[in-house]
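Below are the chains, spelled out letter by letter.
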Amino acid sequence: LVADFGIALAVSSAGGGTRMTETGMSLGTPHYMAPEQAMGEREITPKADVYALGCVLYEMLTGEPPFTGPTAQAIIARVMTEQPRSLTLQRHTIPPHLEAVVKRALEKLPADRFASAAQFVEALTHPGSMALPPAMTGAAPATGAALRARGVGRRVARIAGGVGALALAAVAGAGIWKWLGPQPVFPGRPVVRFGILLPRDAEPVGATGSTIAFSPDGSRIAYVGRAQSGQRLYVRGLDQLDPVPIPGSEGGILPFFSADGQWVGFRQGSRLVKVALAGGPVLPLCDVVGSTFGATWSVGDTIIFASDSGLLDVPAAGGNPRVVAKPDSGEAFRWPDVLPDGRAVLFTVFARGTVKLAALDRRTGAVQRLQQPGAYPRYVTAGFVVISDPSGIISAVPFDARRLEVTGAAMPLADKVFAGPDGDRNLGVSSTGDFAFQASVTAGSRLVLVDRNGSARDAGSDTGYYYAPRLSPDGKRVAVTRWADVNFSSRDVWVVDLVQRTRTRLTFDTTAESPAWTQDGRRIAYTRHPGGVNSFAGQIHWVPADGSGAPESLVVAAGSWSPVTFEPGGRGLVYHGLATEQAKAEIWQLSLAGASTPHQVLASTFHNYQPSLSPDGRWMAYVSTESGRNEVYVRPYPGPGGRWQVSLDGGDEPVWSATGREIFYRNGDRMMTTTVRTQGGFEVGSRAQLFAGTYDRLLPNRDYDVSRDGQTFIMFQRVQGAEQSVFVTLNWFDRFRARQRGGSGR
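In this report, the structure presented in the accompanying data block is examined. (Residues numbered from 1 in each chain as written. Predicted model: local features only at pLDDT ≥ 70, side-chain atom pairs only at ≥ 80, totals over all residues. Heavy atoms only, no water.)

Here we come to the overall build of the protein. On a plain count of helices and strands, the protein comes out with 10 helices and 51 strands. By the burial criterion, 52% of the 746 residues in the protein qualify as buried. A fraction of 44% describes how many contacts in the protein between residues 6 or more apart in sequence connect residues 24 or more apart. (Helix = DSSP H or I, 4+ residues; strand = E, 2+ residues; numbered from the N terminus. Buried < 20%, exposed > 50% of the residue type's maximum accessible area, 1.4 Å probe, protein only. Contact = heavy atoms within 4.5 Å.)

This part covers the pattern of salt bridges. Tallied over the entire structure, the rule returns 26 salt bridges. Arg505 is the partner of Asp492 in a salt bridge, and the nearest nitrogen-oxygen pair spans 2.6 Å. Of this pair, Asp492 sits in strand E31 (residues 491-497) while Arg505 sits in strand E32 (residues 502-505), placing them 13 residues apart in sequence. The exposure class assigned to Arg505 is partly exposed, which follows from its relative accessible area of 31%. Ionic pairing is found between Glu683 and Arg677, a salt bridge with its closest N-O pair at 2.8 Å. Residue class for Glu683 comes out partly exposed when judged on its relative accessible area of 43%. Arg677 gets classed as partly exposed once you look at its relative accessible area, which sits at 37%. (Salt bridge = Lys/Arg side-chain N within 4 Å of Asp/Glu carboxyl O.)

Take the pairing of strand E26 (residues 435-438) next. Burial along E26 is two-sided: the face carrying Phe435 and Phe437 and the face carrying Ala436 and Gln438 are both buried. Pairing of strand E25 (residues 427-429) with E26 involves three bridges; the strand directions are antiparallel. Paired with Val429 across the strands is Phe435, a residue of E26. Between the antiparallel neighbours E25 and E26 lie five residues, among them Gly433 with a positive phi of about 100°. (Pairing = 2+ DSSP bridges.)

Each strand in a sheet pairs with another by means of backbone hydrogen bonds, the pair being arranged parallel or else antiparallel. Sheet architecture is open: four strands sit in the order E28-E27-E50-E49, paired in antiparallel fashion. Each edge of the open sheet is held by one strand with a lone partner, namely strand E28 (456-458) and strand E49 (705-706). As paired elements, strand E27 (residues 445-451) and E28 share three bridges and run antiparallel to each other. By the bridge assignment, Val448 is partnered in E28 with Asp458.

In this section: the nonpolar core. The biggest cluster of nonpolar side chains holds 40 residues, and the ones touching the most others in it are Ile394, Leu413, Leu427, Phe435, Phe437, Trp732 and Phe733. A total of four residues in this core trace back to one element, the largest contributor, which is strand E17 (residues 344-351). Core analysis: the second largest hydrophobic core is formed by 21 residues, Ala48, Cys55, Leu87 and Ala105 among them. (Core = buried A, V, L, I, M, F, W, Y, C linked by side-chain atoms within 4.5 Å.)

As summarised here, the arrangement of the four strands in space is E45-E46-E47-E48, forming an open sheet in which the pairing is antiparallel. Edge positions in the open sheet fall to strand E45 (652-656) and strand E48 (683-692), since each of these has one partner strand only. Across the sheet, the mean angle from the axis of one strand to that of its neighbour is 20°, orientation sign disregarded. Two elements, strand E46 (residues 662-667) and strand E47 (residues 670-677), share six bridges in a ladder whose sense is antiparallel. Looking at the pairing, Tyr665 lines up with Met672 of E47. (Axes fitted to C-alpha atoms, helices over the stretch in contact; angles between N-to-C directions.)

Turning our attention to the packing of helix H2 (residues 47-62) against helix H6 (residues 117-125). Two packed helices can be described by the angle between their axes and the distance between those axes. Taken N-terminus to C-terminus, the directions of H2 and H6 make an angle of 35°; their axes are 10 Å apart at the nearest point. Like other packed secondary-structure pairs, H2 and H6 cross with a definite hand, here right-handed. The segment H2 lies against H6, with Val50, Leu53, Gly54 and Leu57 engaging Ala117, Phe120 and Leu124. Classifying every residue of the contact of H2 with H6 gives six nonpolar, one polar and no charged. (Left-handed = near helix turned anticlockwise from the far one by under 90°. Nonpolar A, V, L, I, M, F, W, Y, C, P; charged D, E, K, R; others polar.)

With that settled, consider the packing of aromatic side chains. Tallied over the full model, the rule gives 23 aromatic pairs. Ring geometry for Tyr467 versus Trp483: centroids 4.7 Å apart, planes at 40°, classification tilted. Within this pair, whereas Tyr467 is found in strand E29 (residues 465-471), its partner Trp483 is found in strand E30 (residues 477-483), the two being separated by 16 residues in sequence. Both residues of the pair, Tyr467 and Trp483, count as buried. Aromatic rings pair up to connect Phe664, Phe691, Tyr695, Tyr704 and Phe713 into one cluster. The ring of Trp542 carries Arg523 above its face, with NZ or CZ at 4.7 Å from the centroid. (Phe/Tyr/Trp six-rings, centres within 6.5 Å; stacked < 30°, edge-to-face > 60°. Lys NZ or Arg CZ within 6 Å of the ring centre and 35° of its normal.)

With their axes 9 Å apart at the nearest point, helix H5 (residues 96-105) and H6 run at an angle of 165° to one another. Relative to H6, H5 is oriented roughly antiparallel. The chirality of how H5 crosses H6 is right-handed. Where H5 abuts H6, its residues His97, Leu98, Val101 and Ala105 lie against Phe120, Ala123 and Leu124. (Parallel < 35°, antiparallel > 145°, perpendicular 65-115°, else oblique.)

The buried fraction of helix H3 (residues 72-81) amounts to eight of the 10 residues, a majority that puts the element mostly inside the structure. Every buried residue of H3 is accounted for by Ala74, Ile75, Ile76, Ala77, Arg78, Val79, Met80 and Thr81.

Structure, rendered in structure tokens:
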């Protein structure tokens, strides 16, 4: 049955005509749209129908279309950037020639598909009528010389020559390196997509603020990587086989290139610094207070960066930063990118649950808030802004740099971009439009047991998407939040048995997270989001830890609240959260002895969260932003009384030892310990680092726990090898430059 509605015009209720379709707009069902149709090409040939028919045949054979996703944009991104999964791997009974026919129908380039439906039928009914492609016959892949002979071009040939040996080895072995993209259907250089395999001691770090930077001319990338001594910065030319560490960049994050590509700036400790790629010392730019969320280097040798105070600038020669744009109440400014002429800066505004673009006019200081959703904007001289969204999709939005206006709909470029815990993106974009990104992992992480010296061993869990582990009082089980899939479409609380090495799903809310054990280990409290997995409202429920009973509500109040710990003896629950999306984090207590009204323990004009009670229940460690950054403090519980600062240069996720003589906390990748005295008052003793490692963390949760003897830490370790590729796309925007040169562009 074929139904073609053919609707192109809709009549408004006022009687006027409004056209549904416009020039360059694509209209159709994303699962069956050919790449050229999804891209809004002006001329769509019958070969788009051949592609759609191939999608239908693929779905008939496997049960689902070749590309799926949570949104239309995600599906289109996969149509444009990925190859369909092998049919024979999904059903071994499918004949090889049938898979070859389907693959030909689904070719990205229309010229590579069947010329007509009649040819499609002929190939299906007479297998010998179509020669099988090399992929189906085991023929060797094309060499770098063959690629050059096919007219790939000087720049691509240089890259192919540099990576050729590794590419051939990987195709024969692990299959990590690959050429992904379709050949162009437009004048200019071909679109090329390839993966860069990174050494395990120099792979991108998934910690906060670790973005990839692409040089303005598109010749090299810089990124934060792991090293034996900790994390540091690396630079890699696209025509080089190996990354080169930047001397003196240990502990650096947030790399960004100078406008001429000769310098790399980054944050190191509490300073912004720079270093010349030709060699030389790391030079200070300025001191920074609190967090930094991206920086950009203008042609006028001024550096603009985002912090908790808004947008600031500082001379590239160094000096005192000054605020150039301050956010309104409830807003935060992130990820600036200066336009090529230096006149304006694009950036992201986080406000009341929304993420949208904005532009700062540097001459007047005026901030123009755009209505375009998206984060991490990067301007491309072809007249586009590359943005990303929370689901990990990269898109290109037509943009008028003179009027600072979005002029068209977003077009997806790629999918599955890694997103860090604070919204950072492992994405780099050059001014010419070449881009590189670290893909989200599909393997996830696993539970590991880490001793005080940093040695880790497997805890016996499977590989999944975990956070917020909590050890049971007897130390034999771990309650964790587990996402259902990489898209984080649903989450529930699971219990991992460390002795039996089993895992059991405890909740079936599909919006449950942040577990906390009662003191006797019989119940587990957790947060439930009644409005859906992505809703703000969060209520606290609890359920028998063995799954023998139905959940019961504990805290049902306006706001979003999460259980953290129970008082000694099970007298009450201590929890934290936000009363509104614009409010500061607060700490509350609920007595469990009969009917009780929640009691506010700590609230101020700063965020106060992550409470941890001493074993005797007399002291509370917690995190506050009162100094301008996260620090760990201690005060009497439930109060009143003074407070003592435990961490010195930043800290969060505090946990008391069972003896009450130590407080553990994290400072970035470092696990810290502080000795304390609680008898006859409170006193802070010595501070020391126990170990360092890039274990997963998702603030504001506490993403580790400590055994009762204080010798073992339960943490999440990303599966080795899951994040070792950076995917690079070259020349994608050449089609638009060609149109502009021909007079048909915007």
